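# Secondary and tertiary structure notes
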Amino acid sequence: MRIEISSLGPTQWAGEALATGVFKEDSDRFGAMDIRMDGEIRKLFSRGMFEGDWKQTYMLDTHGKLDCERLLLIGLGERSKFDLARLRKASALVTRFLKEAGISNFATDLHGTGPGSTEERAQAVTEGMMLGNYRFTRKHEEKPKGIVSAVLLERNDMNRVRRGIESGEVIAESVNRTRNLVNGPAGEVTADFLAGEAAKLANRYGLKITVIGKSEMELLGMNAILAVNKGSASDPKFVILEWDGGGRTVAVVGKGITFDSGGLNLKNTPNIKDMKSDMAGAAVVIGLMEAAARLRLPVRLIGAFVATDNMPGPNATRPGDIITAYNGKTIEVVNTDAEGRLILADALSYVEKNYRPSAIIDIATLTAACVVALGHHAAGMLGTDEKLAEMMTAAGRKTGERVWQLPLWDEYREMVKGDLTDMVNSGKEDVLGPGAITGAAFLSNFVEGTPWAHLDIAGTAWVPMVTELHPKGATGWGVRLLIELLRNY
Ligand code: BES
Ligand code: ZN
Ligand code: ZN
């Protein structure tokens, strides 16, 4: 999908369709366009057929009265509720609507609407277009439908709009790359495959890459990662990418379970097939590192992930097995399905010790309990640093990738202490307990003093419903949030 700029006005643009937004309050203001349309738009309002309600759409044939063939009106709702997140959604909605209508090129002036700078608005509109146009298909089709080109109509502020389009494109391409990795089947998207994707990125953008394989993990004592991998037929990979844009060091660590069968605590659910998405945290790291290099984010960014599947092979870790993690703490593996926190434990302490970052963020499809708590509309956030949490919350509001903080009081940390060992990887209370919190409480034992935030994306990375910005399945959630956070870090 190409996104271009044109200095033509809305009534002059000649193409298949023109999309324009209408606020609820603006029903009587149509000016030039309505005059050209012989008052047809105003008539829609007076007949109650289109009222500018949020997400309402109405398409008219222009019958040659405008230079384009069709006019799509999109309701923007009340002006006071309109923000960049709504603008992005409106742009995505328009793109999906026109795609479904079989249209391949259209123009819009949507970026001229709403709060934020011109650049931010053009970026949001571009993201909306490219995210709304995304789909993942392995069908043998003749000719997939899709928007080939979209044009932003702008005559005054072309440079700012162009810059907004450029960052919007980079960001949306990264999100869509992340989505492709998460939607890809576990038989393809293996630990080796993810390490290969990281190596390709490193090559293309000159990032530093370190790949720690199984034998090095054995030497280093990364027994928590190795414990998860024991039931697998293939080796684990711990991948660390590095972008140096100057500035402070920030580390982002992703969970990369390429398939979570549960291990010997085998998952007993038809939804087990969706557990190919348990590497979404790692996929976010890959998307983020690409965006960091292309946008030249002003930080030294360490992007790390551990990739392995969690399988019940003959050598699998047994419930009750005891391991010593990389940082020396002992863990009783009471449930092999609580594997994400095990791989993250070693990854977090390794990254903290070897890179001394000023902040560590981990991102993981960690607990079903988080889906129960927040559904699919916010990620759980827990951590040790209020300032980092506030910055994350602000970035969430701006991007529409919202986070919701849960507490991490000492009482919760008590719940993951073991009888035999320093820790258990899941307390009994997890059956009917605060699982998202105890998951994070476990992880907190593997970050010594660095400001740390944990994002539980179990509910947001993979969704059962279509929204404006994505089809069912992978959302790429977190890429936009973290780019926004790091742009202002
Ligand atoms: N990958 C799952 C969490 C998950 C569940 C993500 C559903 C997305 C949708 C994780 O490894 C897991 O199995 N967690 C267990 C932990 C429990 C055994 C303490 C859970 O949440 O049930
Ligand atoms: Zn699990
Ligand atoms: Zn898992």
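Up top you'll find the structure we're talking about.
If you're wondering where the values come from, they're calculated on a predicted model, not measured in any experiment.

Burial of strand S14 (residues 379–383) is extensive: four of the five residues sit out of reach of the surface. As paired elements, S14 and strand S15 (residues 403–405) share three bridges and run parallel to each other. The residue of S15 that forms the bridge with Met381 is Gln405. Traced from S14 through helix H12 (residues 386–399) to S15, the parallel crossover comes out right-handed. Sheet topology places S14 next to strand S17 (residues 452–456); four bridges connect them, and they run antiparallel. Looking across to S17, one finds that Gly383 is bridged to Ala453.

Turning next to the sheet that holds strand S6 (residues 149–153). Across the sheet, six strands lie side by side as S1-S6-S5-S2-S4-S3; this open sheet has mixed pairing. Pairing within the sheet leaves two strands with one partner each, and these edge strands are strand S1 (2–6) and strand S3 (57–61). The sheet shows a mean angle of 25° between the axes of neighbouring strands, taken without regard to direction. Relative to S6, S1 runs parallel, the two sharing five bridges. The residue of S6 that forms the bridge with Ile5 is Leu152. Each of strand S2 (17–23), S3, strand S4 (70–77) and strand S5 (105–108) touches helix H3 (residues 84–100); the most contacted strand, S4, lies at about 150° to it. Lying over the sheet, helix H5 (residues 158–183) contacts S1 and S6, oriented at roughly 175° with respect to S1.

Within the protein, the zinc ion (ligand 2) binds to Asp260 (OD), Asp337 (O), Asp337 (OD) and Glu339 (OE); these donor distances fall in the range 2.0 to 2.2 Å. Along the chain, the residues donating to the zinc ion (ligand 2) are arranged with the sequence spacing D-x76-D-x1-E. According to the relative accessible area criterion, Asp337 is partly exposed, its value standing at 22%.

Tracing the chain through its elements places Leu295 in helix H9 (residues 280–295). Sequence separation between Leu295 and Gly15 is 280 residues; the distance between their C-alpha atoms is 32 Å.

It is worth spelling out the site of ligand 1 at this point. Around ligand 1, 17 residues are found, and the nearest of them are Asp260, Lys267, Asp337, Glu339 and Ala368. For ligand 1, an oxygen atom lies 3.2 Å from a polar atom in the side chain of Lys255. Burial of ligand 1 by the surrounding chains reaches 80%, relative to a free accessible area of 510 Å². In terms of residue class, the shell around ligand 1 is built from five nonpolar, four polar and eight charged.

Turning next to the coordination of the zinc ion (ligand 3). Distances from the zinc ion (ligand 3) to its protein donors, Lys255 (NZ), Asp260 (OD), Asp278 (OD) and Glu339 (OE), fall within 2.0 to 2.4 Å. In this structure, the zinc ion (ligand 3) is coordinated by six donor atoms arranged in octahedral fashion, with angles at the metal of 78 to 172°. The sequence pattern formed by the donor residues of the zinc ion (ligand 3) is K-x4-D-x17-D-x60-E. Here the zinc ion (ligand 3) and the zinc ion (ligand 2) are spaced 3.2 Å apart, and both take Asp260 as a donor. With a gap of 23 residues between them, Lys255 in strand S9 (residues 249–260) and Asp278 in the loop between S9 and H9 connect regions that are remote in the sequence. Side by side, Lys255 and Asp278 carry an identical accessibility label, which is buried.

Spatially, three strands are ordered S11-S12-S16 in an open sheet, and the strand pairing comes out mixed. Across the chains shown, the open sheet's two edge strands, defined by having one partner strand only, are strand S11 (321–324) and strand S16 (423–424). As paired strands, S11 and strand S12 (residues 330–333) are joined by four bridges and run antiparallel to one another. Bridge assignment links Thr324 to a residue of S12, and that residue is Thr330.

So, on to the nonpolar core. Ranked by internal contacts, the top residues of the largest apolar core, which has 92 residues, are Phe106, Leu301, Phe305, Met392, Leu455, Leu482 and Leu486. Per-element accounting of this core gives the leading share, 12 residues, to H9. When sequence neighbours within four positions are dropped, the list of residues in contact with Leu482 reads Val252, Val284, Leu288, Ile361, Ile363, Met392 and Leu455. By size, the runner-up hydrophobic cluster in this structure holds 50 residues, among which are Ala227, Leu342, Phe446 and Trp452.

What counts and how
- In this convention, every chain numbers its residues from 1, walking through the sequence in written order.
- Naming scheme: in the order in which they are written, chains are lettered from A and ligands are numbered from 1.
- With the structure being a predicted model, the display of local features is reserved for residues of pLDDT at least 70 and the display and counting of side-chain atom pairs for 80 or more, all residues being used for whole-chain, interface and lining totals.
- Hydrogen atoms and water are omitted, and side-chain values are computed over all heavy atoms in the structure.
- Exposure is judged per residue with a 1.4 Å probe applied to protein chains only, and the accessible area is read against the type maximum: over 50% gives exposed, under 20% gives buried, and values in between give partly exposed.
- Secondary structure elements follow DSSP: runs of H or I of four or more residues count as helices, runs of E of two or more count as strands, with numbering from the N terminus.
- Following DSSP output, two strands are said to pair if at least two bridges run between them.
- Every crossover in which the path from the first strand over the helix to the second runs clockwise, viewed with the strands pointing away from the viewer, is termed right-handed.
- All axes here are fitted lines through C-alpha atoms, helices being fitted over the stretch that makes contact, and every angle between N-to-C directions spans 0 to 180 degrees.
- The criterion used for residue contact is that any of the two residues' heavy atoms lie within 4.5 Å.
- Donor atoms: N, O and S within 2.8 Å of the metal, or within 3.2 Å for Na, K and Ca. Because water is excluded, sites can look incomplete.
- Here, proximity means that at least one heavy atom of the residue falls within 4 Å of the molecule or strand.
- Polar contacts, as used here, are pairs of N or O atoms within 3.5 Å; protein pairs need one atom able to donate a hydrogen and one able to accept it. Residues neighboring in sequence count only if both atoms are side-chain atoms.
- Computed by Shrake-Rupley with a 1.4 Å probe, the accessible areas treat only the displayed protein chains as cover when residues are assessed.
- For this classification, the nonpolar set comprises Ala, Val, Leu, Ile, Met, Phe, Trp, Tyr, Cys and Pro, the charged set comprises Asp, Glu, Lys and Arg, and every other residue, Gly included, is treated as polar.
- Just to be clear on the cut-offs, tetrahedral is four donors with all angles between 85 and 135 degrees, square planar is four donors and octahedral six with opposite donors over 155 degrees apart and all others between 65 and 115, and anything else goes down as irregular.
- The set of buried Ala, Val, Leu, Ile, Met, Phe, Trp, Tyr and Cys residues whose side-chain atoms join them within 4.5 Å is what this entry labels a nonpolar core.

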